[in-house]
Amino acid sequence: MEPILSIQGLEKSFGPLKVLKGIDLDVQKGEVVCIIGASGSGKSTLLRCLNLLEEPDSGHIWFGGQDLTDLDADLDGLRQRIGMVFQGFNLFNNKNVLDNCTLAPISVKHIPRAQAEETAIHHLRTVGLGEFIHADSRRLSGGQKQRVAIARALCMEPEIMLFDEPTSALDPEIVGEVLDVMKTLAREGMTMVVVTHEMAFAKEVSDRVVFMDQGVILEQGTPAEVFGSPREARTREFLSRYLEDKGI
Amino acid sequence: MAMNNIFSALCAILGDAGRWLRGRAAALLSFAAADHPYVYLSGSALSLAAALTYIFSQRYGFFLSRPLWVWTALALCGAFCLASLAALASKLRLKRRYRAGSRFCAPAARRAARYGSYVIWTVAALTLADRLHVLYQVVREVMAMDTNPSPFFQAMVYMFYNSRALFLRGLWTTLRLAFFGTIFGFLLAVGLVFLRIQTPSKRDWDHVKLIKILCSRFAALYATVVRGTPMMLQAFIIYYAGFGLFKGHTDLTITEINTIWSFFIAGLTTVSLNSAAYLSEVLRGGVESIDAGQTEAARSLGMSSWMTMMKVVFPQALKNSIPAIGNEMIINIKDSSVLNCIGVVELMYAATSVAGIYYKNLPNYVSAAIIYLIMTCCISAILNKLSARLSLNTYRGVPSSN
Ligand SMILES: Nc1ncnc2c1ncn2[C@@H]1O[C@H](COP(=O)(O)OP(=O)(O)OP(=O)(O)O)[C@@H](O)[C@H]1O
Ligand SMILES: [Mg+2]
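A brief report on the enclosed structure follows. Given the structure is predicted, the values throughout are model-derived calculations rather than measurements.

Within chain A, the secondary structure is distributed over nine helices and ten strands. Computed over its C-alpha atoms, the radius of gyration of chain A comes to 18 Å, within 12% of the 18 Å expected for a compact globule of 248 residues. Along the longest, intermediate and shortest principal axes, the C-alpha atoms of chain A span 55 × 45 × 35 Å. Each of the 248 residues in chain A was classed as buried or not, and the buried ones make up 56%. Considering only contacts within chain A whose residues lie at least 6 apart along the sequence, 64% involve residues at least 24 apart. When the accessible surface of chain A is totalled, it reaches about 10,300 Å², and 48% of it is carbon and sulfur. Between the averaged position of the 26 positive side-chain charges in chain A and that of its 37 negative side-chain charges there is a distance of 4 Å.

Here we take up the sheet that holds strand β9 (residues 208-213) of chain A. Residue and element names in this part refer to chain A. Ordered by their spatial adjacency, six strands build an open sheet running β6-β7-β8-β3-β9-β10, and the pairing between neighbours is mixed. Lying at the two open borders of the sheet, with one neighbouring strand each, are β6 (82-85) and β10 (216-221). Averaged over all neighbouring strand pairs, the angle between strand axes comes to 20 degrees, with direction disregarded. Relative to strand β7 (residues 160-164), β6 runs parallel, the two sharing four bridges.

All right, on to the sheet that holds strand β1 (residues 5-14) of chain A then. Residues and elements named next belong to chain A. Pairing is antiparallel in the open sheet, where four strands are placed in the order β2-β1-β4-β5. Looking at strand neighbours, the two that pair on one side only are β2 (17-27) and β5 (66-67), the edges of this open sheet. The pairing of strand β4 (residues 58-63) with β5 spans two bridges and is antiparallel. Note that in β5 the partner of F63 across the bridge is Q66.

Residues and elements named next belong to chain B. Residues L128, L132, L135, F152, F153 and L362 make up a contiguous nonpolar surface patch of roughly 570 Å² in combined accessible area. If one sorts the elements of the nonpolar patch by residue count, helix α5 (residues 107-144) sits on top with three residues. Summarising the element assignment, L128 is placed in helix α5.

On to the site of ligand 1, then. All names here are of chain A. Inspection of the region around ligand 1 gives 13 residues, with S39, G40, K43, S44 and T45 positioned closest. In the model, an oxygen atom of ligand 1 is placed 2.6 Å from a nitrogen or oxygen of the S44 side chain. Contacts to ligand 1 include T45, whose side-chain N or O atom sits 2.5 Å from an oxygen atom. Protein coverage of the free-state accessible area of ligand 1, which is 630 Å², stands at 60%. Elements that contribute at least two residues to the shell around ligand 1 include exactly β2 and α1 (43-50). The element best represented in the shell around ligand 1 is α1, accounting for three residues. For the shell around ligand 1, the residue count by class is four nonpolar, seven polar and two charged.

Cut-offs and rules
- Residues numbered from 1 in each chain as written.
- Chains lettered and ligands numbered in written order.
- Predicted model: local features only at pLDDT ≥ 70, side-chain atom pairs only at ≥ 80, totals over all residues.
- Heavy atoms only, no water.
- Helix = DSSP H or I, 4+ residues; strand = E, 2+ residues; numbered from the N terminus.
- Rg over C-alpha atoms; globule rule 2.2 N^0.38 Å.
- Buried < 20%, exposed > 50% of the residue type's maximum accessible area, 1.4 Å probe, protein only.
- Contact = heavy atoms within 4.5 Å.
- Areas by Shrake-Rupley, 256 points an atom, 1.4 Å probe, with all protein chains shown as cover.
- Lys, Arg positive; Asp, Glu negative; His and termini not counted.
- Charge placed at Lys NZ, Arg CZ, Asp CG, Glu CD.
- Pairing = 2+ DSSP bridges.
- Axes fitted to C-alpha atoms, helices over the stretch in contact; angles between N-to-C directions.
- Patch = residues over 30% accessible without salt bridge, like charges linked within 9 Å, V, L, I, M, F, W, Y side chains within 5 Å.
- Salt bridge = Lys/Arg side-chain N within 4 Å of Asp/Glu carboxyl O.
- Near = heavy atom within 4 Å.
- Polar contact = N/O pair within 3.5 Å; in protein donor to acceptor, adjacent residues only side chain to side chain.
- Nonpolar A, V, L, I, M, F, W, Y, C, P; charged D, E, K, R; others polar.

These figures come from the coordinates and say nothing about function on their own.
Okay, structure coming up:
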């Protein structure tokens, strides 16, 4: 089957620092891929390259039959089909919850306001924020903000969703409410690429786990393979230290 | 060797003495600050001020004989001073137990002090009312005079009253310069800041990159030039450059040019162009203060950079900049005074003209200063109200159930 997203030989440097050293990765439609790895291994950079928030130095990113790295690609058009959720929520501070969700559909997809609001309310209800539709986005809790951010991305009806450590900025007690939303999404068949430190989530939800180390993909496989019997020494080291750090 | 020893011993002694003194001073200060009924002292100061007002002023008022009033006030002052002294003595005697043990801390004494403060308050209020009445009388008299009186205040009132048309015209012009100058300046600044924040990206075509670089350089250069030269000089340059343009490229006569390219228009242009530079910096700061995350979120949703700017970044930047924009208006009220150099009849020009008519400088400049002060205070009060109203709006969106 043709992958929905195909990354070939992706490289990226920040000045002298080479952060991505040739990444190849295919994501099938409906697949949930979790990217794990040590801090500074380039996970966020990879994810941000996937919708060209970072411009890669070389390599190709094929999405829906188009190469995003082509200088003449219609970036804004392609980005409409790729949702992204950030670690820091990044809600629009000058808009309330509903307007956060309807801004892009109305202004870039030219959907009539009433219809956009209907869709937004539907998605806000699914993430459990039906009561906060008119709330000031600055006054929400972190978990609520992140769920609004997810709803906002869903309102564009993306074909794939990218998550960059969506729960890292949250208090441990409210990590669950965001993860639950993501699990529901995964169950509904959304294609997802998730950078995360939540190993339990990765184990439970993902179809494939990708371990990144120093700018390369060192190992990938099903959660059972990667967590159960990692092939690489580096992976074992990371996982054991990670589990130790977490006190598990 | 011996010298050294003596020296270090001396240092030690001096150091000890210094520490001791500092300790005493701190103890004394905390003693003075603790529990003192300062109402006695402030009461005596106020009533003394009331008495002095009548001892030194030539005019007195409408409701009491002067000696009686002076003696009342002095007696009050004396009574409060005595009470204060007695309280101090009691405090020195009782030290730490003052608060618990002294009669001056008993509720009865506190109540007496409170009633005493009402009396002082009345005296002060009556004195003030009387002085205002006297002021009113003086102003009435001055308004009826037909020669310039010599006392400072009277002369000031006389000249202001008799040249009020000129002063008011100046005031009105100053207000218009500041108001419209800030508005036009703001509109220009919005344009400038959009030029300024253009950054070429890898995906732009080459000529777009070039245009973006040129735009941003131009806006930066404009701000540098305007902020780096005095406004008075800008006024001269703009006035004469405009005049030259009309003269060189049209066949208008000089009188015709002066009606089209009037001093006021040239002055307004100066203020606007000047404010544009400062406000563009303010707005740029506002744009840069919006965290990049919001821009990235908007771009990740497929919004163009222009749309991101218009719908997300700029509205927030603008809102954050509102206080600074108000500030610019107040600055313009004051700084438009330099436009008197090209003959704009604003308040400064009016004051100078009146000074020239009467050969008296100081009173007229003080009048002008008072008017400027009133204007700036009023405007900043209005602006504070407005910005309070605006920030209130942000609290509207309290969670509502549906
Ligand atoms: N904009 C940038 N400019 C310069 N260096 C950067 C930039 N963004 C990331 N880096 C560097 O690139 C390296 C990889 O960063 P990246 O954020 O991709 O790591 P990460 O795997 O997401 O780590 P973490 O788990 O801490 O989020 C780091 O050394 C970081 O300092
Ligand atoms: Mg990261």
